[in-house]
Amino acid sequence: MGKNFTFLKNIYRSNTWELNSIAKLIFCVTFKCNLKCKICSIWKKDHREELSVGEIEKMFKKLPNLSWLDLTGGEIALREDLIDVIRTIITHSRNLKGFHMTSNGMLPEKIIKAAQEVIRLKLKPVISISIDGPPEVHDLLRGHKGSYAQAIKTFTALKSLKNSDTHISCTISKFNLKYIDEFVAALKKDVPRFSMKDLHFNFYHVSGHYYANETLGEKGKEGIGFSHIRKYFRMRGGQNFIKNYLEDKYLFYLEKYLNGEKISLACQALHGSVFVDAYGTVFPCLYYNRPIGRLNEIDYDINKLLKSPDLDQLKIQVKHQDCDRCWSDCEAYPMIIGNLLKLTKPASN
């Protein structure tokens, strides 16, 4: 009950701009990856010492208001102390309600153990297994033969876990768009009791500090308009009211984004959420390549960092999306939730 109350309170305060500490964190636990994806170059990054469990503990001890966490990589299962990381995060996040993990599915035993640890600690994990096309296409895009079969194996095993929510996440780009129908047919054949509720689509984005795909740039979405992808984003059915509402708003603004229009919603980055990379550098979000501090230089206190007057101008800039604009679900859903009062306000005559 307490977590639900905090979550709802954070939603309200994010709408009224009264939040005094972040409610959502995107945390990259490692940049290491065991695939060589065409649309993402994380695997090319040089590796250095990542945040230790002790440093992670210091960070989460100072995030008392946190109710929503995205745990991402690289491939999170390559973090040898992942179970310790998860245990540390949940132990020190008493108001954590949403726990989301992403994986490429190449290490099924490790990601299953991670999910089981979240469940043991009384949270329901939401797990995204990334698959971007039918077998041959996925394997080509991921640079590893057999990666599709391994991801399907992992997804199927995770679906059997009680008290978890696992889905397949497909990133649409020009490299797989014409194979999506074939992809859905393959899933119906390869996944026992497959439902379209198991499949979630997102759209290709560029990020210099995260994906390291700035050299590929806009090439990944060349020639793609909303008319090309509307069908696929509307495939998911049978969602509850809240999920349907978020999906509908996401699609409405995705069309505007792809048409080059500015989205008239206040961004939550630097207000309700931030992104922290594996080395402890804090960014406004996944996409705006503007580091704002390092954890070891701010006593691991993100909320204290965000109260610095030095960031006032940047906050205004980000709020009004005068930045590296995006419409990724990682940033879009918090933006929709943080603008509910505006979105539900009756239109004036």
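Residues numbered from 1 in each chain as written. Predicted model: local features only at pLDDT ≥ 70, side-chain atom pairs only at ≥ 80, totals over all residues. Heavy atoms only, no water.

Details of the overall build of the protein chain
Each helix and strand in the protein chain was counted, giving 13 helices and nine strands. For a compact globule of 349 residues, the expected C-alpha radius of gyration is about 20 Å, and the protein chain comes in at 19 Å, within 12% of that figure. If one aligns the C-alpha atoms of the protein chain with their principal axes, the spans along those axes are about 55 × 55 × 45 Å. Within the protein chain, buried positions represent 57% of all 349 residues. Across the protein chain, contacts joining residues at least 24 apart in sequence account for 76% of those joining residues at least 6 apart. Charge separation in the protein chain, taken as the distance between the mean sites of 52 positive and 38 negative side-chain charges, equals 5 Å. (Helix = DSSP H or I, 4+ residues; strand = E, 2+ residues; numbered from the N terminus. Rg over C-alpha atoms; globule rule 2.2 N^0.38 Å. Buried < 20%, exposed > 50% of the residue type's maximum accessible area, 1.4 Å probe, protein only. Contact = heavy atoms within 4.5 Å. Lys, Arg positive; Asp, Glu negative; His and termini not counted. Charge placed at Lys NZ, Arg CZ, Asp CG, Glu CD.)

Concerning the pattern of salt bridges
A complete count under the given rule lists 17 salt bridges for this structure. We note a salt bridge from Arg79 to Asp81, for which the minimum N-O separation is 2.5 Å. For Arg79, a relative accessible area of 6% translates into the label buried. Taken together, the shared-partner salt bridges connect Asp84, Arg87, Glu117 and Arg120 into one network. (Salt bridge = Lys/Arg side-chain N within 4 Å of Asp/Glu carboxyl O.)

As for the side chain of Ser21
Relative to the helices and strands, Ser21 resides in the loop between α1 (2–16) and β1 (24–30). Here Asn65 takes part through its side chain, which lies 3.4 Å from a polar atom of the side chain of Ser21. Apart from residues no more than four positions distant in its own chain, Ser21 is found in contact with Asn65 and Asn303. (Polar contact = N/O pair within 3.5 Å; in protein donor to acceptor, adjacent residues only side chain to side chain.)

Quick look at the pairing of strand β7 (residues 273–276)
Burial of β7 is two-sided: the residues Ser273 and Phe275 facing one way and the residues Val274 and Val276 facing the other way are all buried. Summarising the sheet, β1 and β7 pair through four bridges and their orientation is parallel. From the neighbouring strand, Leu25 faces β7, where its bridge partner is Val274. Both β7 and strand β8 (residues 281–283) contribute to a ladder of two bridges, which runs antiparallel. Across the sheet, Phe275 pairs through a bridge with Phe283, a residue of β8. Between β7 and the antiparallel strand that follows it, β8, lie four residues; Gly280 among them carries a positive phi value of about 90°. (Pairing = 2+ DSSP bridges.)

Details of the sheet that holds strand β4 (residues 125–130)
A sheet is described by the order of its strands in space; here nine strands give the open sequence β6-β5-β4-β3-β2-β1-β7-β8-β9, paired in mixed fashion. With partners counted over all chains shown, the strands left at the sheet margins are β6 (199–203) and β9 (293–294), one partner each. Relative to β9, β8 is paired through two bridges, and the arrangement is antiparallel. Bridged to Thr281 within β9 is Arg294. Across the face of the sheet, helix α2 (residues 53–61) comes into contact with β1, β2 (68–73) and β7 while running at roughly 180° to β1. (Axes fitted to C-alpha atoms, helices over the stretch in contact; angles between N-to-C directions.)

Concerning the nonpolar core
Within the largest apolar cluster, 109 residues are counted, with the highest numbers of intra-cluster contacts made by Leu25, Phe27, Phe99 and Trp327. Counting residues per element, this core draws most heavily on helix α9 (residues 241–258), at seven residues. Excluding residues within four positions of it along the chain, Leu25 makes contact with Met59, Phe60, Leu63, Leu66, Trp68, Leu69, Asp70, Val274, Val276 and Ile302. Counting six residues, the second-largest nonpolar core is a separate cluster that includes Ile39, Val137, Leu141 and Leu216. (Core = buried A, V, L, I, M, F, W, Y, C linked by side-chain atoms within 4.5 Å.)

Some remarks on empty space enclosed by the protein
One way to see where empty space is left: roll a probe the size of a water molecule over the atoms. On inspection of all chains with the given rule, the structure shows two cavities of 30 Å³ or more. Volume-wise, the largest cavity comes out at about 160 Å³. Looking at the largest cavity, it is lined by 15 residues, and the ones nearest its centre are Ser14, Ala23, Lys24, Trp68 and Ile337. For the lining of the largest cavity, the secondary-structure elements that each account for two or more residues are α1 and α12 (329–337). No other element matches the four residues that α1 contributes to the lining of the largest cavity. Of the residues in the lining of the largest cavity, the class split is seven nonpolar, seven polar and one charged. For the second largest cavity, the calculated volume is near 70 Å³. Along its surface, the second largest cavity is lined by Cys267, Cys285, Val318, Gln321, Cys323, Asp324, Arg325, Cys326, Glu331 and Met335. (1 Å grid on protein atoms, 1.4 Å probe; cavity = no way out; pocket = protein on both sides within 12 Å on 5 of 7 lines; lining within 4 Å. Points joined across faces, edges and corners; volume = space filled by probe spheres on them. Nonpolar A, V, L, I, M, F, W, Y, C, P; charged D, E, K, R; others polar.)

Side note on the packing of aromatic side chains
Applying the stated rule across the entire model yields 13 aromatic pairs. Taken together, a centroid distance of 5.5 Å and an interplanar angle of 50° make the contact between Phe31 and Tyr279 tilted. Of this pair, Phe31 sits in the loop between β1 and α2 while Tyr279 is found in the loop between β7 and β8, placing the two residues 248 residues apart along the sequence. For the pair Phe31 and Tyr279, a shared accessibility class is recorded, and that class is buried. By way of ring pairs, the aromatic residues Phe201, Tyr232, Phe233, Tyr250, Phe252, Tyr253, Trp327 and Tyr333 are connected into one cluster. (Phe/Tyr/Trp six-rings, centres within 6.5 Å; stacked < 30°, edge-to-face > 60°.)

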